[in-house]
Amino acid sequence: MHELSLAQNIIETVKQNVTADELTKVREVIVEVGAFSGVVADSLKFSFEAITSGTELNDAVMTIVDIPFCLKCNDCGNETSTEIPMLLCSICGSSNTQILSGDELRVKELKIAEE
Ligand SMILES: [Zn+2]
């Protein structure tokens with residue numbers, strides 16, 4: 001139940017970013033989840049809904065934005081975007097690589113009802 005604690009962290013982040021007044025008006029929480037973050041998006045969403053049910057965030061829906069895994073090779077400069085995270089360069093096989101994207105888990109945006 002790794003996602004349960006992650007969902008709790010996300011809710012804390014939401015609370016830190018809105019006023020007490022706005023909390024009940026949060027309608028959508030947009031979360032970026034990288035392909036390499038190890039987070040199961042469906043499970044995270046389910047946990048979020050379970051925790052927020054009956055609370056100030058009852059009406060808030062979590063929207064997950066999938067961030068593809070992207071790797072840059074420091075040896076040959078190749079950039080690879082793959083569905084399955086690979087830490088070796090697909091061109092030269094080097095392990096001297098850096099992750100450009102795909103390991104993120106962050107709240108990207110909050111949508112709050114106007115009135
Ligand atoms: Zn390479």
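Residues numbered from 1 in each chain as written. Predicted model: local features only at pLDDT ≥ 70, side-chain atom pairs only at ≥ 80, totals over all residues. Heavy atoms only, no water.

**Examining helix 3 (residues 41–52)**
In a regular helix each residue adds 1.5 Å, so twelve residues correspond to 16 Å; helix 3 covers 16 Å between its end C-alpha atoms and thus fits that length. If you check which residues of helix 3 are buried, you get A41, L44, S47, F48 and T52. Relative to the axis of helix 3, the buried residues are bounded by an arc of 125° and lie together on one face. Those residues of helix 3 that are exposed and aimed more than 90 degrees away from the buried face are D42, F46 and A50. Just downstream of helix 3, G54 is the residue with a positive phi angle, here 80°. (Helix = DSSP H or I, 4+ residues; strand = E, 2+ residues; numbered from the N terminus. Expected span 1.5 Å × (residues − 1). Buried < 20%, exposed > 50% of the residue type's maximum accessible area, 1.4 Å probe, protein only. Arc of directions from axis to C-beta.)

**A few points about the pairing of strand 2 (residues 61–67)**
Relative to strand 2, strand 1 (residues 26–34) runs parallel, the two being bridged by seven bridges. Across the sheet, residue E32 finds its bridge partner in strand 2, namely V65. Handedness of the strand 1-helix 3-strand 2 crossover: right-handed. (Pairing = 2+ DSSP bridges. Right-handed = clockwise from strand over helix to strand, strands pointing away.)

**Observations concerning the coordination of the zinc ion**
Within the first shell, the zinc ion binds the protein through C73 (SG), C76 (SG), C89 (SG) and C92 (SG), at distances of 2.3 Å. One can describe the site at the zinc ion as tetrahedral: its four donor atoms subtend angles covering 107 to 116° at the metal. Take C76: its relative accessible area is 39%, and that puts it in the partly exposed class. (Donors = N, O, S within 2.8 Å, 3.2 Å for Na, K, Ca; no water. Tetrahedral: all angles 85-135°; square planar, octahedral: opposite > 155°, others 65-115°.)

**Examining the sheet that holds strand 6 (residues 105–112)**
What the three strands build is an open sheet, ordered 2-1-6; its pairing is mixed. Only two strands of the sheet have a single neighbouring strand rather than two, namely strand 2 and strand 6. Across the sheet, the axes of successive neighbouring strands diverge by a mean angle of 20°, strand direction being ignored. Against the sheet, helix 1 (residues 2–17) makes contact with strand 1, strand 2 and strand 6, and its axis sits at roughly 45° relative to strand 6, the strand it touches most. Seen against the sheet, helix 3 touches strand 1, strand 2 and strand 6 and runs at an angle of roughly 160° to strand 2. (Axes fitted to C-alpha atoms, helices over the stretch in contact; angles between N-to-C directions. Contact = heavy atoms within 4.5 Å.)

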